[in-house]
Amino acid sequence: AQSVTQPDIHITVSEGASLELRCNYSYGATPYLFWYVQSPGQGLQLLLKYFSGDTLVQGIKGFEAEFKRSQSSFNLRKPSVHWSDAAEYFCAVGAVMRGNTPLVFGKGTRLSVIA
Amino acid sequence: DSGVTQTPKHLITATGQRVTLRCSPRSGDLSVYWYQQSLDQGLQFLIQYYNGEERAKGNILERFSAQQFPDLHSELNLSSLELGDSALYFCASSVGASGGTDTQYFGPGTRLTVL
């Protein structure tokens, strides 16, 4: 079965600063990786996903993520954070094999943005 | 707006009671997924239905059951409720059967409070 670890529970960054949210996964086969964002009182919205090909994936809202197989990581980055980016971010790994939980989420990283 | 609707938005009930949560998927989506989000457990996959059939099962309690109807909407039934069942319940939908690779679109959630 697959698993996901997001080591940082809470991160605070200044508006305009760069951001990197960490995600490590465990899965025996080729992973399908996702980043979702949850704003307060909202459902989850997909930021980006990686299936294969180019290891640098571009998403919505100026986010990107890089898949590094050797490190089992899929870190999310943004060059300049806006106050509206304050939210909870979830990394998820998808399983191809039937019988596994389709999508396993990390515990999330809460992002606070200060002026 | 993801196109996934959930009702009700909030539900307050007492221990021992039974409630039904409803979800309508995006137009054209055949899969419906149910998740439970709590502070201590994070986002936990409960169950998936694809075109009316149960497709995958996660950490769903025996007191909980779900079904998907011919019009593709789904209901999650929670019975003999306990204080620990208080959580945010999300529904998601996707086009295909593979929840691990398809993009899942999330509804706004139903917040259940058990007193």
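In case you missed it, the structure is sitting above this.
Presented here is a report on the structure given in the accompanying data block. Here the structure is a predicted model, which is why all the values come from computation and not from measurement.

**Some words on the overall build of chain B**
Now for step 1: The number of helices and strands found in chain B is zero helices and eleven strands.
Now for step 2: Ordering the α and β elements of chain B from the N terminus gives β-β-β-β-β-β-β-β-β-β-β.
Now for step 3: Compactness check: chain B gives a C-alpha radius of gyration of 13 Å against a globular reference of 13 Å for 115 residues, within 12% of the reference.
Now for step 4: Taking the principal axes of its C-alpha atoms as reference, chain B extends roughly 35 × 25 × 25 Å.

**Section: the pairing of strand β8 (residues 74–78) of chain B**
Residue and element names in this part refer to chain B.
Now for step 1: Here β8 lies mainly inside the structure; five of its five residues are buried.
Now for step 2: Here β8 shows no split at all, with Ser74, Leu76 and Leu78 on one side and Glu75 and Asn77 on the other all buried.
Now for step 3: Here five bridges tie strand β7 (residues 64–68) to β8, and the two strands are oriented antiparallel to one another. Note that in β8 the partner of Phe64 across the bridge is Leu78.
Now for step 4: Hairpin connection of β7 to β8: five residues between the antiparallel strands, including Leu72 at a positive phi of 80 degrees.

**A short note on the sheet that holds strand β3 (residues 19–24) of chain B**
To summarise the sheet geometry, strands pair through backbone hydrogen bonds and adopt either a parallel or an antiparallel arrangement.
Residue and element names in this part refer to chain B.
Now for step 1: The four strands lie next to each other as β1-β3-β8-β7, forming an open sheet whose pairing is antiparallel. Each edge of the sheet is formed by a strand with only one pairing partner; in this case those strands are β1 (5–7) and β7. Averaged over all pairs of adjacent strands, the angle between their axes in this sheet comes to 15 degrees, without regard to strand direction.
Now for step 2: Pairing of β1 with β3 involves three bridges; the strand directions are antiparallel. Of the residues in β3, the one forming a bridge with Thr7 is Arg22.

**Considerations on the pattern of salt bridges**
Now for step 1: For the structure shown, the criterion picks out seven salt bridges over all chains.
Now for step 2: Between B:Asp29 and B:Arg26 there is a salt bridge, and its shortest N-O distance comes to 2.9 Å.
Now for step 3: The network of salt bridges with common partners includes A:Glu64, A:Glu66 and A:Arg77.

**Here's the deal with the environment of B:Leu81**
All names here are of chain B.
Now for step 1: The topology assignment puts Leu81 in the loop between β8 and β9 (87–94).
Now for step 2: Given a relative accessible area of 2%, Leu81 falls into the buried group.
Now for step 3: Placed 27 residues apart in sequence, Leu81 and Pro108 show a C-alpha to C-alpha distance of 22 Å.
Now for step 4: Apart from the residues within four sequence positions on either side, Leu81 is in contact with Thr13, Ala14, Thr15, Gly16, Gln17, Val19, Arg63, Leu112 and Val114.

**Observations regarding the state of the cysteines**
Now for step 1: Across all of its chains, the model carries two disulfides over all chains by this definition.
Now for step 2: Covalently, A:Cys23 is tied to A:Cys91 through a disulfide, its sulfur atoms 2.0 Å apart. Taking the sign of the S-S torsion, -60 degrees for the link of A:Cys23 and A:Cys91, the bridge is left-handed. Of this pair, A:Cys23 sits in the loop between β3 (19–21) and β4 (24–26) while A:Cys91 sits in strand β10 (residues 87–94); the two residues are 68 residues apart in sequence, bridging distant segments of the chain. As far as the burial class goes, A:Cys23 and A:Cys91 line up, both buried.
Now for step 3: Each sulfur in the disulfide pair B:Cys23 and B:Cys91 lies 1.8 Å from the other. A torsion of -45 degrees about the S-S bond marks the disulfide between B:Cys23 and B:Cys91 as left-handed. With B:Cys23 in strand β3 and B:Cys91 in strand β9, this residue pair connects regions lying 68 residues apart in the sequence. Comparing B:Cys23 with B:Cys91 shows no difference in burial state: the two are buried.

Procedures and definitions
- Residues numbered from 1 in each chain as written.
- Chains lettered and ligands numbered in written order.
- Predicted model: local features only at pLDDT ≥ 70, side-chain atom pairs only at ≥ 80, totals over all residues.
- Heavy atoms only, no water.
- Helix = DSSP H or I, 4+ residues; strand = E, 2+ residues; numbered from the N terminus.
- Rg over C-alpha atoms; globule rule 2.2 N^0.38 Å.
- Buried < 20%, exposed > 50% of the residue type's maximum accessible area, 1.4 Å probe, protein only.
- Pairing = 2+ DSSP bridges.
- Axes fitted to C-alpha atoms, helices over the stretch in contact; angles between N-to-C directions.
- Salt bridge = Lys/Arg side-chain N within 4 Å of Asp/Glu carboxyl O.
- Contact = heavy atoms within 4.5 Å.
- Disulfide = S-S within 2.5 Å.

Everything listed is a geometric property; what it means functionally is a separate question.
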